[in-house]
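Tertiary structure, described
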Amino acid sequence: MLDWPIRIVRRDRPLARMRYLSPLMAIVLMMLTGMLIFLALGRDPAEGFYTFFIRPISSLYGFGELLLKATPLMLCGIGLAIGFRANVWNIGAEGQFMLGAAGATGVALTFPNLPAFLLLPLMVVSGALAGMAWGAIPAWLKTRFNANEILVSLMLVYVAGFLVSWLVFSPWRDPMGFGFPQTEMLSSAALLPRILPGTRLNIAIFLAIALVAITWIVLQHTAIGFRLRVTGRSRSAAGYAGFSIQRAVWIGLLCGGGAAGIAGMTEVAGPMGQLTDKIALGYGFAAIIVAFLGRLHPLGVLLASLLMALLFLGGEQVQQHMNLPKSISMVFQGLLLFYLLGADLLVNYRLKWNG
Amino acid sequence: MKLGMRRAAIAAIAVLGFGGMAAHAQPDVKVGFVYVSPLGEAGWSYQHELGRQALEAALGDQVETRYVDNVSEGADAERVIREFASSGHDLVIATSFGYMNYVERVSQEFPDVQFLHATGYKDGANFANYNARFYEGRYLTGVIAGHMSETETLGYVAAVPIPEVVQGINAFTRGARSVNPDIEVRVIWTNSWYDPGREREAANTLLAQGADVLTHHTDSTAVVQAVEDSDRTAWGVGYHSDMSEFGPETHLTATTHHWGDYYIDVVESVIEGTYAPSNLWGGHAEGMIDIAPLNDAVPADVAAEIEDLQASMRDGEFHPFTGPVVNQAGEVLLEEGAVMSDSDLNQMNYFVEGVASEFPN
């Protein structure tokens with residue numbers, strides 16, 4: 001038998017502090033590896049680093065773009081983190097996002113003459129309800145038939161895509177749009193007010209931060225948060241304590257769906273200004289990385305959403321200004337996850353040299 | 001704190017010896033291209049990329065071009081367009097329909113930058129749109145298909161029922177029926193511009209229904225490949241690019257797009273200071289539309305007929321939608337001899353006689 005020089009041995013006690021330091025280590029390692037990649041591509045690594053990580057946010061406009069891109073990631077990520085804490089694996093935030101976008105658009109198209117102070121809250125509520133409804137399907141199938149929520153929520157993403165396509169191709173198609181799959185542009189009352197002149201940033205960022213704060217308080221300081229945590233750690237313990245696992249499933253999927261639905265609303269009422277079949281840009285999937293990178297902790301989710309947004313922005317800029325492929329963004333995301341998982345392994349295990 | 005971080009970052013870069021400021025000859029014009037899909041080896045964006053390369057080759061040091069590919073037609077597009085406009089580009093070329101509203105917004109904020117947008121219907125003071133008369137190529141490939149088909153059934157894999165796609169189906173059908181009035185055309189929709197799996201599945205369905213010439217209005221090469229991989233009793237007709245590489249035996253020809261001359265004209269006039277935004281819908285006459293070299297199996301008399309048709313389209317003597325244009329219900333929509341107006345073409349929402357499938361609503 002081959003004798004490896006290194007073995008992986010479980011630590012007697014996990015390195016508690018490292019649990020929170022490992023994302024930072026992963027980020028540093030990702031950046032260092034990134035510099036090596038720029039070097040391997042024959043480019044000045046300092047220029048690559050600047051263009052990827054600094055240039056996108058080196059102006060007020062860029063800073064606004066970062067927060068704008070982070071908003072839906074933050075919203076989807078915080079919703080997912082609630083469920084993930086209770087071991088409820090909602091992979092379908094992307095579809096819940098699309099339903100939220102459609103729900104909000106439906107209200108905006110039905111009541112075009114409402115003033116903004118009524119219309120916008122109504123759109124947020126309908127977006128949230130539509131997202132929750134989409135999340136309720138896997139929750140119901142899970143609690144009623146024990147159907148796997150990972151598969152159901154994921155498959156519903158594709159159903160949501162077809163639903164939105166149908167809406168923009170048929171009932172909601174802009175009659176003046178030459179047949180293209182899009183609704184008409186929403187009235188100005190249905191658009192979220194912008195908060196930084198010269199940028200696209202709108203008040204949705206405050207909504208996202210507020211939801212993060214509320215989630216933090218609820219998770220850390222209420223019985224519901226405690227029950228979710230216990231359910232996530234050990235189902236049998238939760239059962240002994242009389243905590244309902246079914247309720248955790250409902251809470252996880254409804255919170256995830258609702259938050260993703262609000263994110264969909266902020267996209268149509270924000271930078272899009274209309275519903276098209278291109279509404280979803282992968283926020284719901286990227287938010288899974290955000291939730292784990294943020295250690296399922298609200299503050300962590302907030303920071304992780306900013307980092308993920310920066311990775312998207314940086315990829316565009318290295319292509320625009322250095323003629324490097326935009327897909328380098330995906331390489332950075334992959335590196336980040338790789339190092340994070342590696343660092344997490346070392347939190348619980350250590351390397352032992354043989355001999 | 002943000003300012004502090006920025007200063008620290010800039011200082012760090014100075015220490016690291018950021019060398020991006022190296023001096024080199026300034027080009028006269030900087031152009032930024034935005035592409036909707038990854039470039040690949042064929043397809044819509046690939047043809048625009050060929051245009052960009054032709055522009056660089058023709059104007060050399062006078063022009064500097066940059067591009068970003070795979071830019072979704074969602075909210076990210078506006079950032080990419082604005083980044084080009086705000087970083088010293090004189091001309092921004094956005095090459096997909098879904099960028100229209102973003103180009104409109106950004107163009108209003110950057111009055112000194114010129115914007116070109118492909119296939120939309122909006123324009124502005126510094127914002128022009130351009131498009132090609134794809135239906136001209138469709139008509140020609142229809143004529144060839146009409147000659148080559150033995151089963152008298154043609155297949156068409158189409159993305160979404162917008163007027164541009166419908167024009168193509170109708171022109172293909174009219175071309176085929178101009179040489180064989182018994183031909184019928186079956187259409188399968190994929191509801192997606194790029195979905196090789198579904199495109200291939202649709203192609204196989206059409207083959208099973210007896211279609212022996214297949215074409216497509218989708219972005220991948222899947223239909224041409226599916227025909228090549230079948231028992232080779234059918235022919236494939238490509239779109240966007242010459243796809244003969246993907247169907248060496250069965251690729252008959254393709255409707256091909258050519259943007260290079262247009263880009264060169266625009267940029268030359270920008271350099272000379274004579275550029276004035278104007279919309280252009282170009283076809284054979286402008287060199288925007290052509291067909292790929294014909295398969296050796298196409299008889300010489302058919303090839304000669306195609307050459308004549310191309311010559312008459314270049315001269316403006318022949319238009320594929322010259323009356324009578326009859327819809328599926330048998331109603332005459334355009335009287336004999338009349339030529340369809342551009343505005344009617346742009347609102348085409350019906351199939352002509354000879355399309356066997358129902359028009360989707």
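Conventions we followed
- Residues numbered from 1 in each chain as written.
- Chains lettered and ligands numbered in written order.
- Predicted model: local features only at pLDDT ≥ 70, side-chain atom pairs only at ≥ 80, totals over all residues.
- Heavy atoms only, no water.
- UniProt positions renumbered as here; feature names shortened; annotations may be inferred.
- Helix = DSSP H or I, 4+ residues; strand = E, 2+ residues; numbered from the N terminus.
- Phe/Tyr/Trp six-rings, centres within 6.5 Å; stacked < 30°, edge-to-face > 60°.
- Buried < 20%, exposed > 50% of the residue type's maximum accessible area, 1.4 Å probe, protein only.
- Lys NZ or Arg CZ within 6 Å of the ring centre and 35° of its normal.
- Domains from an automatic or database assignment.
- Contact = heavy atoms within 4.5 Å.
- Buried area = accessible area lost by both parts, 1.4 Å probe.
- Salt bridge = Lys/Arg side-chain N within 4 Å of Asp/Glu carboxyl O.
- Pairing = 2+ DSSP bridges.
- Axes fitted to C-alpha atoms, helices over the stretch in contact; angles between N-to-C directions.
- Patch = residues over 30% accessible without salt bridge, like charges linked within 9 Å, V, L, I, M, F, W, Y side chains within 5 Å.
- Areas by Shrake-Rupley, 256 points an atom, 1.4 Å probe, with all protein chains shown as cover.
- Lys, Arg positive; Asp, Glu negative; His and termini not counted.
- Charge placed at Lys NZ, Arg CZ, Asp CG, Glu CD.

Under an unreviewed UniProt entry, chain B has the name BMP family ABC transporter substrate-binding protein and belongs to Spiribacter salilacus.

Examining the UniProt feature "domain: ABC transporter substrate-binding protein PnrA-like" (unreviewed entry) in chain B
Under the UniProt annotation, "domain: ABC transporter substrate-binding protein PnrA-like" (unreviewed entry) lies at residues 29–298 of chain B. End C-alpha to end C-alpha, residues 29–298 of chain B measures 44 Å, and it is 38% helix and 23% strand.

Overview of the packing of aromatic side chains
Counted according to the given criterion, the structure contains 31 aromatic pairs over all chains. Centre to centre, the rings of Phe49 of chain A and Phe53 of chain A are 5.2 Å apart; their planes meet at 45°, and the pair counts as tilted. A residue pair is termed a helical-turn pair when its members lie 3 or 4 positions apart in one helix, as Phe49 of chain A and Phe53 of chain A do in helix α2 (residues 45–54) at four residues. Residue Phe49 of chain A shares its accessibility class with Phe53 of chain A, and that shared class is buried. Through successive ring pairs, a cluster of aromatic residues spans Phe33, Tyr35, Trp44, Tyr67, Tyr130, Phe134, Tyr239, Trp259, Tyr262 and Tyr263 of chain B. Looking at Lys69 of chain A, its charged tip hangs above the ring of Phe312 of chain A, at a distance of 4.8 Å from the centre. Over the face of the ring belonging to Tyr239 of chain B we find Arg138 of chain B, whose NZ or CZ atom lies 3.7 Å from the ring centre.

Examining the domain arrangement of chain B
Residue and element names in this part refer to chain B. Taken as a whole, chain B is organised into domain 1 (27–132) and domain 2 (134–256 + 290–345). Across the contact, 10 residues belong to domain 1 and nine residues belong to domain 2. Interface area for domain 1 against domain 2, summed over the two sides, is near 800 Å², with a carbon-plus-sulfur share of 56%. Area buried by domain 1 at its contact with domain 2 is led by Ala42, Trp44 and Ala132, which between them contribute 50% of it. For the interface between domain 1 and domain 2, the tally reads zero salt bridges.

Remarks on the sheet that holds strand β6 (residues 153–158) of chain B
Residue and element names in this part refer to chain B. Spatially, six strands are ordered β7-β6-β8-β9-β10-β12 in an open sheet, and the strand pairing comes out mixed. This sheet does not close on itself; its edge strands, each paired only once, are β7 (184–189) and β12 (289–291). Geometrically, the sheet is characterised by an average inter-axis angle of 15° between neighbouring strands, direction not taken into account. Here strand β9 (residues 235–240) pairs with strand β10 (residues 251–257) via five bridges, running parallel. Directly across from Val237, in β10, lies its bridge partner Thr253. Strand contacts of helix α7 (residues 196–208): β6, β7 and β8 (213–217), with the helix running at about 165° to β6, the strand carrying the most contacts. Strands β6, β8, β9 and β10 of the sheet are contacted by helix α8 (residues 222–229), whose axis makes an angle of about 160° with β8.

Some remarks on the environment of His240 of chain B
Residue and element names in this part refer to chain B. If you trace the backbone, His240 turns up in strand β9. Residue His240 is classed as buried on the basis of its relative accessible area of 3%. Note: C-alpha distance between His240 and Gly74 (166 residues apart in sequence) is 23 Å. Apart from the residues within four sequence positions on either side, His240 is in contact with Gly43, Trp44, Gln47, Thr218, Asp219, Thr255, Thr256 and His257.

Things to note about a negative patch on the surface
Residue and element names in this part refer to chain B. There is a patch of like negative charges on the surface, built from Asp261, Asp265, Glu268 and Glu272. Tracing the backbone shows Asp261 in helix α9 (residues 260–272). According to the relative accessible area criterion, Asp261 is exposed, its value standing at 52%.

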